[in-house]
Amino acid sequence: MVTAGIDMGAKWVKVVLLRDGEVIARGKALTGFEQKASAAKALADALGQAGLSADAIDRTAATGAGRKDAPGSPIELTEVTAAALGAVQIERSARTVIDVGAEEGRAIKTTDAGKVVDFAVNEKCAAGSGAFTEAMARALETPVEEIGPLSLQSSQAIPMNAQCAVFAESEVVSLLHARTPKADIARAVHDAIANRIVSMARKVGINEHVVLIGGVARNVGFVDAVERELGLKITVPPDPEFVSALGAALHAAERRG
Amino acid sequence: MANVAYPTEPLKCWARAKELRQRYYEDYAKAHDTGGLRWAGGAWSFDAIPMGLGPDVYPLTSEPYAASIAFNREFSKRCLEATEAKGYARDLCSYMRNYWGSLLLNEYAFGGPFPRPDFIWQDHICCSHAKWYQVVRDLEDDIPYYCIDVAVGPYEEARDRQHRVQYIVDQMHQGIEFLERATGRTYDDARLIEAVKNDCRATSAWAEVSALNKTIPAPLDEKTMYALYVLGTLHKASRDVADFYEELRDEVRDRVARGIAAVPNEICRVITDTQPPWGFLKIFRYMEKYGCVSVGSLYTFGLIGAWEDKPNGTWGPRTTPMAAGTPMETRDQALHILADWTLSRPEWQHFYSPHLKSQLMLRIAKEWQLQGVMLHYNRGCEGLSLGIAENRLALIDAGLPVMVFEGNMGDDSEFDEDATKNRIDSFMESLGIKRPGEEL
Ligand code: SF4
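Just so it is clear, the model here is predicted, and its values are computed rather than measured. Residue positions are given per chain, counting from 1 as you read along its sequence in written order. Lettering of chains starts at A and numbering of ligands starts at 1, both following the order in which they are written. Where local features are concerned, this predicted model is filtered to residues with pLDDT of at least 70; where side-chain atom pairs are given and counted, the filter is 80 or more; whole-chain, interface and lining totals use all residues. The side-chain numbers reported here are obtained from all heavy atoms of the structure, hydrogens and water having been left aside.

Here the focus is the overall build of chain A. Here a strand is any run of E in DSSP of at least two residues, a helix any run of H or I of at least four, and the numbering for each starts at the N terminus. Per the secondary structure count, chain A includes eight helices and nine strands. C-alpha atoms of chain A, sized along the principal axes, occupy 60 × 35 × 30 Å. Exposure is judged per residue with a 1.4 Å probe applied to protein chains only, and the accessible area is read against the type maximum: over 50% gives exposed, under 20% gives buried, and values in between give partly exposed. Buried positions account for 56% of the 257 residues belonging to chain A. For accessible areas, the Shrake-Rupley method is used with a probe of radius 1.4 Å. Any residue's cover is judged against the shown protein chains and nothing else. If you sum the accessible surface of chain A, you get close to 10,900 Å²; carbon and sulfur atoms cover 52% of it. None of His or the chain ends enter the tally, which takes Lys and Arg as positive and Asp and Glu as negative. For this purpose, a charge sits on NZ of Lys, CZ of Arg, CG of Asp or CD of Glu. Measuring between centres, the 28 positive side-chain charges of chain A sit 3 Å from its 32 negative side-chain charges.

Turning our attention to the site of the ligand. Residue and element names in this part refer to chain B. Note on definitions. A residue lies near a molecule or strand when any single heavy atom of the residue is within 4 Å of it. Close to the ligand lie C93, Y95, C126, S128, H129, W132, Q275, F351, C381, E382, G383 and M409, which account for all nearby residues. If one sorts the elements of the shell around the ligand by residue count, helix α5 (residues 127-139) sits on top with three residues. Residues of the shell around the ligand, tallied by class, amount to seven nonpolar, four polar and one charged. The classification used treats Ala, Val, Leu, Ile, Met, Phe, Trp, Tyr, Cys and Pro as nonpolar, Asp, Glu, Lys and Arg as charged, and all other residues, Gly among them, as polar.

In this description, contact between two residues means that some pair of their heavy atoms is separated by no more than 4.5 Å. Taken together, the contact between chain B and chain A spans 21 residues of the former and 19 residues of the latter. Computed with a 1.4 Å rolling probe, the buried area is the accessible surface lost when two parts are put together, summed over both parts. Both sides together, the interface formed by chain B and chain A hides about 1,700 Å², and carbon and sulfur atoms give 38% of it. Whenever Lys or Arg places a side-chain nitrogen within 4 Å of a carboxyl oxygen from Asp or Glu, that contact is recorded as a salt bridge. Applying the counting criterion to the chain B and chain A interface returns two salt bridges. In this structure, D118(A) and R392(B) form a salt bridge, with 2.9 Å as the shortest nitrogen-oxygen distance. Here a polar contact is recorded for every N or O atom pair within 3.5 Å, except that within protein the pair must consist of a potential hydrogen donor and a potential acceptor, and residues adjacent in sequence are included only if both atoms are side-chain atoms. Between chain B and chain A we count ten residue pairs in polar contact (both at pLDDT 80 or more) in total. Mapped by element, the contributors of at least two residues to the side of chain B that touches chain A are α17 (388-397), β10 (402-407) and α18 (417-430) of chain B. Looking at which element gives the most residues to the side of chain B that touches chain A, the answer is α18(B), with eight residues. Looking at side-chain class alone, the side of chain B that touches chain A contains six nonpolar, three polar and twelve charged residues.

Residue and element names in this part refer to chain B. The span one expects for a helix is its residue count, reduced by one, times 1.5 Å. Between its terminal C-alpha atoms helix α4 (residues 94-105) stretches 16 Å, which fits the 16 Å expected from twelve residues at 1.5 Å a residue. Counting buried residues in α4 gives ten out of twelve residues, a clear majority hidden from the surface. Within α4, burial applies to S94, Y95, M96, R97, N98, Y99, W100, G101, S102 and L103. Taken together, the buried residues of α4 touch β1 (37-41), β2 (57-61), α2 (62-71), α3 (73-85), α5 and α11 (298-302). The positive-phi residue at the C-terminal boundary of α4 is N106, with phi of around 55°.

Residues and elements named next belong to chain A. Domain borders in the structure are assigned automatically or taken from a domain database. What the domain assignment reports for chain A is domain 1 (1-78 + 241-257) and domain 2 (92-236). At the junction of the two partners, domain 1 supplies five residues and domain 2 supplies eight residues. For the pairing of domain 1 and domain 2, the buried interface totals around 520 Å² over both sides, and the portion due to carbon and sulfur atoms is 55%. A per-residue breakdown of the area domain 1 buries against domain 2 is headed by A10, K11 and E241, which together make up 73% of the total. Run the count over domain 1 and domain 2 and you get two salt bridges. A salt bridge links E134 to K11; the shortest N-O distance between them is 2.9 Å. The tally of links from domain 1 across to domain 2 stands at two residue pairs in polar contact (both at pLDDT 80 or more). Each residue belonging to the side of domain 1 that touches domain 2 can be placed in one class, and the counts come to two nonpolar, one polar and two charged.

This part covers the pattern of salt bridges. Scanning the model with the defined rule gives 57 salt bridges over all chains in all. Taking the shortest distance from any N to any O, the salt bridge between D250(B) and R253(B) comes out at 3.5 Å. Taken together, the residues D250(B) and R253(B), both in helix α9 (residues 239-258) and three residues apart, mark about one turn of the helix. On the basis of relative accessible area, R253(B) is assigned to the partly exposed category, the value being 38%. A network of salt bridges, in which partner residues are shared, links R26(A), K28(A), R218(A), D239(A) and E241(A).

Next up on the list: the state of the cysteines. The disulfide definition used here is simple: a pair of cysteine sulfur atoms within 2.5 Å. On inspection of all chains with the given rule, the structure shows zero disulfides over all chains. With no disulfide of its own, C147(B) lies 13 Å from the sulfur of C126(B), the closest cysteine sulfur.

Quick look at the pairing of strand β3 (residues 119-124) of chain B now. Residue and element names in this part refer to chain B. Counting buried positions over the six residues of β3 gives six, a clear majority of the element. Both faces of β3 are covered, namely the face carrying F119, W121 and D123 and the face carrying I120, Q122 and H124. As judged from the two bridges shared by β1 and β3, these two strands associate in the parallel manner. Residue pairing in the sheet places A40 in a bridge with I120 of β3. Strand pairing is assigned whenever DSSP detects at least two bridges linking the two strands. Of the strand pairs in this sheet, β3 and strand β4 (residues 145-149) are connected by five bridges, and their pairing is parallel. The partner of Q122 across the bridge, within β4, is C147. As for the winding sense of the linkage, the β-α-β connection from β3 through α5 to β4 is right-handed. For a crossover, the right-handed case is the one in which the path from the first strand over the helix to the second runs clockwise, viewed with the strands pointing away from the viewer.

A word on the sheet that holds strand β6 (residues 292-297) of chain B. Whether parallel or antiparallel, the strands of a sheet pair through hydrogen bonds between backbone atoms. Residue and element names in this part refer to chain B. The strand order β6-β5-β9-β10 describes an open sheet built from four strands, whose pairing is parallel. Each edge of the sheet is formed by a strand with only one pairing partner; in this case those strands are β6 and β10. Taken over all neighbouring pairs, the strand axes of this sheet differ in orientation by 30° on average, direction set aside. By the bridge criterion, six bridges tie strand β9 (residues 372-378) to β10 in an arrangement that is parallel. The residue of β10 that forms the bridge with Y377 is E406. Simply put, an axis is a line fit to the C-alpha atoms, just over the touching stretch for a helix, and the angle between two N-to-C directions goes from 0 to 180 degrees. Contacts from α18 reach β5 (268-272), β6, β9 and β10, with the element oriented near 180° to β10.

Spelled out as structure tokens, the structure:
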């Protein structure tokens, strides 16, 4: 059986194709304003890699904020359920899943079967999402993909007082004017976002094996900050931004026809 | 979970409830036309006491009035803007801000200019109550103002209960002197006694209505209960409201006997907490698509309902002083009964004790057979939101699934409808309840 999982994220649409539980292809497209077209593009990308036509897909499930715009009439599931299913599939012992995307962060407590026990979501505050890092990278005049490695070069922790993305930007500008090394500011930015995310995760309870997923998990500076904040090592699976799409594809496979 | 289809039917007394509410607001506005008096105060005020001034004395309780404003989102927006423009902070009680806005705009939510009260009869259970009418007096001419301090803590846990009651009774006696001075009328104790009896009848009957919701399927859903419990927040000491609650209780008993459900596809039972976001009650209908019914809350049960432990260990309506044969022939006896009865109401008790509130919520979870709890982190009400995160932890520790959502009962700019629906979806998925229309 071939199933497709589509994650209609705020910034990227991600697609995972599964055949009998094994990942056979992944596709990705910038969400932009035309979500439906982007989803079709990401799906076509994955189908092309797998050498399949759309008819070969037996069932599709969609997750993410824009899931209602996913192509076809897929089964819907929320980001919380998809993230837990996908993370536990990759890391069997995962019990706390932290998912940080472009516009939202969430923390999930899960069972070994990927069943959600409790969850917390931050959908209101930009300071707990990838958008925050992007805004701060702009303020630092540094490409966003470089801000993570840059922060690892920091030699000192500088607390950022502002908890709000808007105020944090002015704080970054002030630090730059004060000739604070960029690496230290980058670390301060990651510490601030990690502080937000970890305090949310603590609400659902931290169980030893923590898995970090979502696009922001590719940022090594953020991962480092989360580990320091938690005081433990966390797991970042390969291709962390595809984990929820994987969860959706698994969900499609599990549903009776 | 199997698909179910319980029989359902509308409430017969629904139209009467609407009529009572409408008449209440009209009576207040028109009181002066026939030489009557108007008073303003909180929904927690001892409304039985001004009734001793005569049959033509009409209240406007501020919180339900503000909730009516919040329900009208366009008017609410203008009220909130007017209050903010006057320099009052956005993080104050949103009921208070709506009320002040209505006053500042000189617009009554039920038509015409804002009807100025002749006196203010308030009590202070929350800090906002203390400030509410101070500002009204700043904005209006000097309106005679009396308030009763009721911050005596949880009554159930108190060893010195009689002192707490006496502290309030003493203020009530002085309050009656104030009422006579402020209005020039002579106080009638017989009217007070009748009003206290009405209060006991109304609040005991409301507790029984709420207790009947322990039944599966629930005869009432919380969205409907909001439209009914509000009468108790308007004027629980009036004969009309007491009679109505007894009529409602009889109808709900009948629904239970005949297995009539509020939500025909009920498969999941939850409670909420604190006031809902009034402009978005449709989220309750959204939950019902899943077969999830909110059977009430400590708020809907306990703000108005008077409860007691029953001999079989369950929670049920408090036995009225009339049924218990407690003498109520003098002013002092009536005031003692009123103070004791009011302090025993659950919302009054847990106001100062998140610990007690958690215990009460757990009791409801057990007796009302809940699958989960949905907590409204209500930014509009410091009073009832205080300690809610503690309640969440206690419920989770007891093994209950809990969903939280953020919002504001009276300021819709702090509520995100789509995000809340998404949370409900996640919560339902985590409870193993399938999306509407999907195969199981
Ligand atoms: S803050 Fe809450 S309890 Fe206090 S007056 Fe406002 S609505 Fe009532």
